[in-house]
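# Structural description and commentary
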Amino acid sequence: MKFKHYLFSAALIATTLSFTSCKETKKLPVYGQREAKEVKNADGTVSVDTVYQTIPAFKFLNQDSTYITNDTFKDKIYIADFFFTSCSTICPTMHRNMKEIFEKYKDNPDVMYLSHTIDFKYDTPSRLKEYAKKLGVDGPKWQFAYGSKDSVYKIAEKDYLVAVGEDSTQRDGYIHQGWLVLIDKEKRIRGAYDGTNKEQVAQLMKDIPVLLAEDKK
Amino acid sequence: MRRRLLSLLLLCTIGLIVYSCQDAGQLRQDIYYTNGRDLYIKYCQNCHGVNGEGLSALAPPLTDTIFLLQNKQKIACYIKNGLSEQVTIHGQQYQEKMPDFPTLANIDLAQIVVYITNSFGNKQGHYTPEQVADDLKNCK
């Protein structure tokens, strides 16, 4: 019996120790599909490498009616989301929270934002421009993207893993999830946070410096 | 000792009567206020914010006490039918379209009006469903 007690406390100490020692090397997980790929090394040997899911090349019009591509976000981490300007449900809350992050990292050139509209009928670039201005975030740091229904809905569901859709039973005409998706410099998904949930947004604020620190090494 | 106890009891009873008389109206307003807060969270808070601060230039704040006082008879109309005309709040112009909420009943509207006009620095007292019904007849 006593032995069991010792074992238990030993285990407890071990876990505490491992938790505290982990603190130094905290890293965000990588989300999405992954596959193993054989790569040839320089010395001719073959080893296995992991290939992670990444955001593929894209091309959308932004609020200034100029094209943005994945190169716009080269060497940046960015937060992506899906919304529409006439949305009266979750979007205002998401962007209220996202703007808070925007204000916090205003002076950091490595952090950007990308909001895709899912209202391909109404949210033209000029409409997005007006929205950005009124939200008070108009500038190159926060891009608002307009694209065809196919291109936006496909990248949402397949690559950012955010469900979007048209729904005539809803008063606004569209449904979508409120994820704020954190993308790293290698275009991998490193986190998804519910943009309407204060605690998750706070977690995102904590995770941004962790992700930024990864590249500094 | 017994007399003192009795007189104390009497005093308490009288006090309670006076207190509850004063509070009949206040109590009704408090009930409206609490229900109004739940409705506000559900229908209004996304845009107007938890503290009525609004959202940049997209949604106006609800802290302009003078505007709310002058337009109290229009608030029910704004909520029920939406608003697309330009409004000036705190000297700033807002012209984004506000959505309509046609399914809300008069009592819901009255409760929201009570909540809004007694929060965020406003203190306008009670509002009844009958007043809302009158207001709705005069909507533009």
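Numbering of residues starts from 1 in every chain and runs along the sequence as written. Working convention: letters from A go to chains and numbers from 1 go to ligands, in the order in which they are written. Residues qualify for local features only when their pLDDT is at least 70, as the model is predicted, and side-chain atom pairs are given and counted only at 80 or more; totals for whole chains, interfaces and linings, by contrast, use all residues.

## Some words on the overall build of chain A
What chain A contains, in helices and strands, is 5 helices and 11 strands. Sorting the 217 residues of chain A into buried and exposed places 33% on the buried side. When contacts within chain A are restricted to residue pairs at least 6 apart in sequence, long-range pairs at least 24 apart make up 61% of them. Here a helix means four or more residues in a row that DSSP labels H or I, a strand means two or more in a row labelled E, and each is numbered from the N terminus. Three exposure classes are used, based on other C-beta atoms lying within 10 Å of a residue's own C-beta, which is placed from the backbone: buried for 20 or more, exposed for 12 or fewer, and partly exposed in between. Contacts are defined on C-beta atoms placed from the backbone: any two residues whose C-beta positions lie within 7 Å are in contact.

## A few points about the sheet that holds strand β10 (residues 179–183) of chain A
All names here are of chain A. Pairs of strands are assigned from DSSP output, requiring at least two bridges between the strands. Reading across the sheet, the 5 strands line up as β7-β6-β5-β10-β11 and stay open at both edges, with mixed pairing between neighbours. Of all strands in the sheet, those bounded by a partner on one side alone are β7 (142–145) and β11 (189–194). Here the average twist between neighbouring strands, direction ignored, is 20 degrees. Across 7 bridges, strand β5 (residues 77–83) lies against strand β6 (residues 111–117) in parallel orientation. Bridge assignment links phenylalanine 82 to a residue of β6, and that residue is histidine 116. Simply put, an axis is a line fit to the C-alpha atoms, just over the touching stretch for a helix, and the angle between two N-to-C directions goes from 0 to 180 degrees.

## Side note on the pairing of strand β2 (residues 46–52) of chain A
All names here are of chain A. Burial runs low along β2: only 0 of the 7 residues are buried. Two elements, strand β1 (residues 34–40) and β2, share 7 bridges in a ladder whose sense is antiparallel. Along β2, the bridge assignment pairs valine 39 with serine 47. Counting the residues between successive antiparallel strands, the hairpin from β1 to β2 contains 5 residues, one of them, glycine 44, with a positive phi of roughly 95 degrees.

## With respect to the UniProt feature "binding site: Cu cation" (unreviewed entry) in chain A
All names here are of chain A. Using the residue numbers shown here, the UniProt feature "binding site: Cu cation" (unreviewed entry) corresponds to Cys87, Cys91 and His176. A maximum C-alpha distance of 10.3 Å among these annotated residues, which run over 90 residues, shows that they cluster at one spot. For cysteine 91, the contacting residues outside a window of four places in its chain are Phe83 and Phe84. Among the structural elements, histidine 176 can be located in strand β9 (residues 174–176). Judged by the 25 C-beta atoms lying within 10 Å of it, histidine 176 is buried. Each residue touching histidine 176, except ones within four places of it in the same chain, is listed here: Phe82, Ile118, Val162, Ala163 and Val164. UniProt positions are given in the numbering used here, feature names are shortened, and annotations may be inferred rather than shown by experiment.

## A few points about the nonpolar core
Take the buried Ala, Val, Leu, Ile, Met, Phe, Trp, Tyr and Cys residues, join any whose C-beta atoms are within 7 Å, and the set you get is a nonpolar core. Judged by nonpolar contacts, the single largest core of 49 residues is most densely connected at Tyr78(A), Ile79(A), Tyr113(A), Ala156(A), Leu180(A), Val181(A) and Ile183(A). A per-element tally of this core places β5(A) first, with 6 residues. Not counting chain neighbours up to four residues away, the residues in contact with Tyr113(A) comprise Tyr78(A), Ile79(A), Met98(A), Phe102(A), Lys141(A), Trp142(A) and Gln143(A). Formed by 21 residues, the second largest nonpolar core is a distinct cluster that contains Leu55(B), Ile79(B), Leu109(B) and Tyr115(B).

## Notes on helix α4 (residues 149–159) of chain A
All names here are of chain A. When α4 is considered as a whole, its buried residues turn out to be Val152, Tyr153, Ile155 and Ala156. Projected onto a plane normal to the axis of α4, the buried residues spread over an arc of 160 degrees and lie on a single side. Of the residues in α4, the exposed ones pointing more than 90 degrees away from the buried face are Asp150 and Lys158. Buried residues along α4 sit in contact with β5, β6 and β8 (164–166). It is the directions from the helix axis to the C-beta atoms whose arc is reported.

## Structural notes on the UniProt feature "domain: Cytochrome c" (unreviewed entry) in chain B
UniProt tags residues 31–120 of chain B as "domain: Cytochrome c" (unreviewed entry). Segment residues 31–120 of chain B splits into 49% helix and 7% strand. End C-alpha atoms: 18 Å apart.

## Here we look at helix α2 (residues 91–104) of chain A
A helix's residues, less one, multiplied by 1.5 Å, set its expected span. For α2(A), built from 14 residues, the straight-helix expectation of 20 Å at 1.5 Å per residue is met to within 8% by its first-to-last C-alpha distance of 20 Å. Buried residues of α2(A): Cys91(A), Pro92(A), Thr93(A), Met94(A), His95(A), Arg96(A), Asn97(A), Met98(A) and Phe102(A), and no others.

## As for the environment of Lys198(A)
Mapped onto the elements of the fold, Lys198(A) is located in helix α5 (residues 198–214). Its 11 C-beta neighbours within 10 Å are what place Lys198(A) among the exposed residues.

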